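Chains, contacts and geometry: an overview
So the chains spell out like this:
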Amino acid sequence: MENRYFSFNNRQDAAGKLIFIEGEQDIPFAIARVYYICDVPGDVRRGFHAHKTLRQVLICAQGSCRILLDNGRERETVKLEGPTRGLLVDAGVWHEMYDFTPGAVLLVLASEHYDESDYIRDYDVFKAYRKENEK
Ligand code: T46
């Protein structure tokens, strides 16, 4: 499975670190929405869905977590750590997020506004959707 990673610009000096990300320049889409996930207990798994059209870049701005990615044929687990590293989760990829360290903050840049009808939350439906769309 070919995952796409980003390494974001940062300016660091004695006063700390500043990281900046520009839509359509540093990532391959315009940013329509930003959300972040925090206070996740270490034994909890989130996600369990794919999106039909939404593209997202995930950044573990604080701490670390693991992301399971599944394109319907292959599964892979990625460890996300550090505010300058981004992972593209493209449309049609089943994903789960887990192993959040205490205080971890998962920042998400999304290509679209929130739309529940874009979610596929059933794994069997996801498999059938992938099969149908690969024809
Ligand atoms: C994703 C992964 C990485 C909203 O009302 N607006 C929003 O923009 C979002 C993202 C969520 N919500 C609501 C929908 C649910 O009632 O917040 C609640 C929790 O969302 P969900 O259970 O989908 O959370 P996760 O962590 O399983 O998934 C989230 C995103 O929803 C999803 O798009 O790809 O993070």
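Residues numbered from 1 in each chain as written. Predicted model: local features only at pLDDT ≥ 70, side-chain atom pairs only at ≥ 80, totals over all residues. Heavy atoms only, no water.

1. Thoughts on the sheet that holds strand β9 (residues 85–89)
Spatially, β1-β9-β6-β11-β4 is the arrangement adopted by the 5 strands of the open sheet, whose pairing is antiparallel. Strand pairing shows two members of the sheet lacking a second neighbour, β1 (5–7) and β4 (33–38), which therefore form its edges. The average undirected angle you get between the axes of adjacent strands in this sheet is 25°. Of the pairings in the sheet, the one linking strand β6 (residues 56–62) to strand β11 (residues 105–110) comprises 6 bridges and is antiparallel in character. When the bridges of β11 are listed, Q56 appears paired with A110. (Pairing = 2+ DSSP bridges. Helix = DSSP H or I, 4+ residues; strand = E, 2+ residues; numbered from the N terminus. Axes fitted to C-alpha atoms, helices over the stretch in contact; angles between N-to-C directions.)

2. Let's talk about the state of the cysteines
What the rule picks out here adds up to 0 disulfides. Take C38: it sits in no disulfide, and the sulfur closest to it among the cysteines is that of C60, at 11 Å. C60 supplies the cysteine sulfur nearest to C65, a cysteine that is in no disulfide, at a spacing of 3.9 Å. Judged by its relative accessible area of 1%, C65 is buried. (Disulfide = S-S within 2.5 Å. Buried < 20%, exposed > 50% of the residue type's maximum accessible area, 1.4 Å probe, protein only.)

The values reported here are purely geometric and, on their own, carry no functional implication.
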